[in-house]
Amino acid sequence: MTEFIREAQKVWEEFKDYVPTYDEVCEILEKEVVSIEDVAKLLNVEDKNLILLMASKAKKITRENFGKVILLYAPLYISNYCQNGCVYCGFSCRKNYKREKLDLDEIENELRSMKEEGIDSVIILTGEDRIHSPVDYIKQACKIATEYMSEVSIEVYPLFEEEYKSLVNAGVVGITIYQETYQKEDYEKLHPFGPKKDFDFRLSAVERALSVGFHEACVGPLLGLSHPKKDVLCTLLHAEYLLDRFPKAEISVSFPRFRSAGVDFVPRYTISDKDFIKFLLIARLYLPRVGIVISTREDARLRDALIDVCITKMSAGSKTTVGGYATQGEKDAQFEVEDRRTVAEVVESIIKKGLRPEFTNWVRGVNSL
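Computed from a prediction, not measured in an experiment: that's the story for all the values here. (Residues numbered from 1 in each chain as written. Predicted model: local features only at pLDDT ≥ 70, side-chain atom pairs only at ≥ 80, totals over all residues. Heavy atoms only, no water.)

Trainee: So what exactly am I meant to see when it comes to the packing of aromatic side chains here?
Mentor: Between two aromatic rings, the relevant description is the distance of the centres plus the angle of the planes. Going through the model one piece at a time under the given rule, you end up with nine aromatic pairs. Pairing Phe 15 with Tyr 18 gives two aromatic rings, centres 5.9 Å apart and planes at 80°, and the pair type is edge-to-face. Residue Phe 15 is classed as buried on the basis of its relative accessible area, which comes to 10%. The class for Tyr 18 is partly exposed, based on a relative accessible area of 34%. Taken together, the ring pairs in this structure connect Phe 4, Tyr 182 and Tyr 241 into an aromatic cluster. The cationic tip of Lys 101 hangs over the ring face of Tyr 137; the distance from NZ or CZ to the ring centre is 4.4 Å. Lying across the ring of Phe 201, Arg 208 places its NZ or CZ 3.9 Å from the centre. (Phe/Tyr/Trp six-rings, centres within 6.5 Å; stacked < 30°, edge-to-face > 60°. Buried < 20%, exposed > 50% of the residue type's maximum accessible area, 1.4 Å probe, protein only. Lys NZ or Arg CZ within 6 Å of the ring centre and 35° of its normal.)

Printed below as a string of structure tokens:
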């Protein structure tokens, strides 16, 4: 499976210093199919006028393939126990703060509060701790979630096939799992101990989930931890690999940028708004039918600008603390949220753009026909 990483590395080494001319970029944008070599060239574009041309083409492609629908979701953190020593994460076991885990009644209370806010699609999240957050606990939480939400996904530690199958039987349809960085040498430094240190097991998690019945998957890096352009290349080839292997699945990519998480960690790279936007545009140009997700790590201004261009799915009203919807008060979060608008405010913004906000992807309904 790591062949796509080797391909990305090869392409990067060939084009890392190549800056295409204005005419060459225009020629690339006229193509029906953009190659991975073209992607490597576009990653080095700095001219704002060329980026605007890329945005125009990306918007056209997005409308042709996704119409005017923007899918919405919200995360629900049910536990922040973790056994990993990730140097950058707010849930790291290196960090000394109160660990929390919702019981089943509290989970239902959270879901009820989310539903009252208008949320109808949820991602269940935990830290990586099989003792405090065993698979059966996650499964019970997902079962409760299916009673309230039209669509339930997970963002938890990597599982084995039979464990993913049990979640499919509980009504789960989607998985999000970030590789954090596809550069193995950097990955090992960032994850000095804990189960997450197993790079290959994490990388193959989405494939295991899709092979036993998951219908949706979102992959990507955490931008800033390693060389961003190399991680973008790897992400796009990872998504393409999954599309080829699972043609009926709905594959998405996301490029979250590192945000402060209450730990003494300074990322090696800072990703500007211009580069962030460029990465998203290139993703659309290379993979016309792949979903592109943006979270509340980004501010309202930027999110509102991008939903009209290349974004197909976004979070709304997100809380990154355990029990953040039904419970008030200050708590430790996995990362800082930049867009703090309510669900209603996000929906209103989408409508003002002439787009249609939806919480339901209709996966369950279609499969039941």
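Trainee: Please explain the nonpolar core as it appears in this structure.
Mentor: One recurring pattern in soluble globular proteins is that nonpolar side chains are buried together. Of all hydrophobic cores here, the largest spans 123 residues; its most connected members are Leu 111 and Phe 255. The contacts of Phe 255, once residues within four sequence positions are left out, are Pro 221, Leu 223, Val 232, Thr 235, Leu 236, Phe 276, Phe 279, Leu 280, Ala 283 and Val 293. (Core = buried A, V, L, I, M, F, W, Y, C linked by side-chain atoms within 4.5 Å. Contact = heavy atoms within 4.5 Å.)

Trainee: Please explain the packing of helix α4 (residues 48–66) against helix α12 (residues 273–286) as it appears in this structure.
Mentor: Packed helices, taken two at a time, are described by their axes: the angle between them and the distance between them. One way to put it is that α4 packs onto α12 with a least axis distance of 9 Å and a crossing angle of 45°. As judged from the angle between their axes, α4 and α12 are oblique. Judged by the twist between their axes, the crossing of α4 over α12 is left-handed. Contacts from Lys 48, Ile 51, Met 54, Ala 55, Lys 57, Ala 58, Ile 61, Thr 62 and Phe 66 in α4 reach Lys 274, Lys 278, Leu 281, Ile 282, Arg 284 and Leu 285 in α12. Of the residues contributing to the contact of α4 with α12, the split by class is nine nonpolar, one polar and five charged. (Axes fitted to C-alpha atoms, helices over the stretch in contact; angles between N-to-C directions. Helix = DSSP H or I, 4+ residues; strand = E, 2+ residues; numbered from the N terminus. Parallel < 35°, antiparallel > 145°, perpendicular 65-115°, else oblique. Left-handed = near helix turned anticlockwise from the far one by under 90°. Nonpolar A, V, L, I, M, F, W, Y, C, P; charged D, E, K, R; others polar.)

Trainee: I'm lost on the pattern of salt bridges in this one. Help?
Mentor: Two side chains bearing opposite charge may form a pair once their charged atoms approach each other closely. As enumerated under the stated definition, the model contains 32 salt bridges in all. The residue Arg 257 makes a salt bridge to Glu 298 at a minimum N-O spacing of 2.5 Å. Of this pair, Arg 257 sits in the loop between β6 (250–254) and α12 while Glu 298 is found in the loop between β7 (291–294) and α13 (300–306), placing the two residues 41 residues apart along the sequence. With a relative accessible area of 5%, Arg 257 lands in the buried category. You can call Glu 298 buried: its relative accessible area is 2%. The salt bridge involving Arg 341 is made with Asp 304; its shortest N-O contact spans 3.0 Å. One end of the pair, Arg 341, is in the loop between β8 (313–315) and α14 (343–352); the other, Asp 304, is in helix α13, with 37 residues separating them in the sequence. Residue Asp 304 is classed as buried on the basis of its relative accessible area of 17%. (Salt bridge = Lys/Arg side-chain N within 4 Å of Asp/Glu carboxyl O.)

Trainee: Mind showing me how you'd approach the pairing of β7 here?
Mentor: It is a general feature of regular strands that their side chains alternate between the two faces of the sheet. Residues Gly 291 and Val 293 point to one face of β7 and Ile 292 and Ile 294 to the other, with burial holding for every one of them. With two bridges connecting them, β7 and β8 associate as parallel partners. Bridge pairing in β8 places Val 293 opposite Lys 313. In this fold, the crossover linking β7 to β8 by way of α13 has right-handed handedness. (Pairing = 2+ DSSP bridges. Right-handed = clockwise from strand over helix to strand, strands pointing away.)

Trainee: Help me understand the side chain of Ser 226, please; the structure alone is not making it clear to me.
Mentor: Within the secondary structure layout, Ser 226 lies in the loop between β5 (216–221) and α11 (228–245). Reaching out from Ser 226, the side chain makes a polar contact with the side chain of Asp 186 at a distance of 2.5 Å. Apart from residues no more than four positions distant in its own chain, Ser 226 is found in contact with Thr 181, Gln 183, Asp 186, Asp 231 and Tyr 269. (Polar contact = N/O pair within 3.5 Å; in protein donor to acceptor, adjacent residues only side chain to side chain.)

Trainee: Which parts of the structure should I look at to understand helix α2 (residues 22–29)?
Mentor: Residues lying three or four places apart along an α-helix face the same way, a consequence of the helix completing one turn every 3.6 residues. Along α2, the positions that sit buried rather than exposed are Glu 24, Val 25, Ile 28 and Leu 29. Looking down the long axis of α2, one finds its buried residues gathered within 140° of arc, a one-sided arrangement. Pointing more than 90 degrees away from the buried face of α2 are the exposed residues Asp 23 and Glu 27. Check the buried side of α2 and you find it contacts α3 (36–42), α4 and α12. (Arc of directions from axis to C-beta.)

Trainee: Sorry, what's going on with the confidence of the model for the protein here?
Mentor: Note that predicted coordinates carrying low pLDDT should not be read in detail. For the protein, mean pLDDT is 93; residues scoring 70 or higher make up 95% of the total. Long-range and interchain partners of residues 363–369, a stretch whose pLDDT sits below 50, account for nine contacts in this model, where long-range means more than four residues apart. (pLDDT = per-residue confidence, 0-100.)

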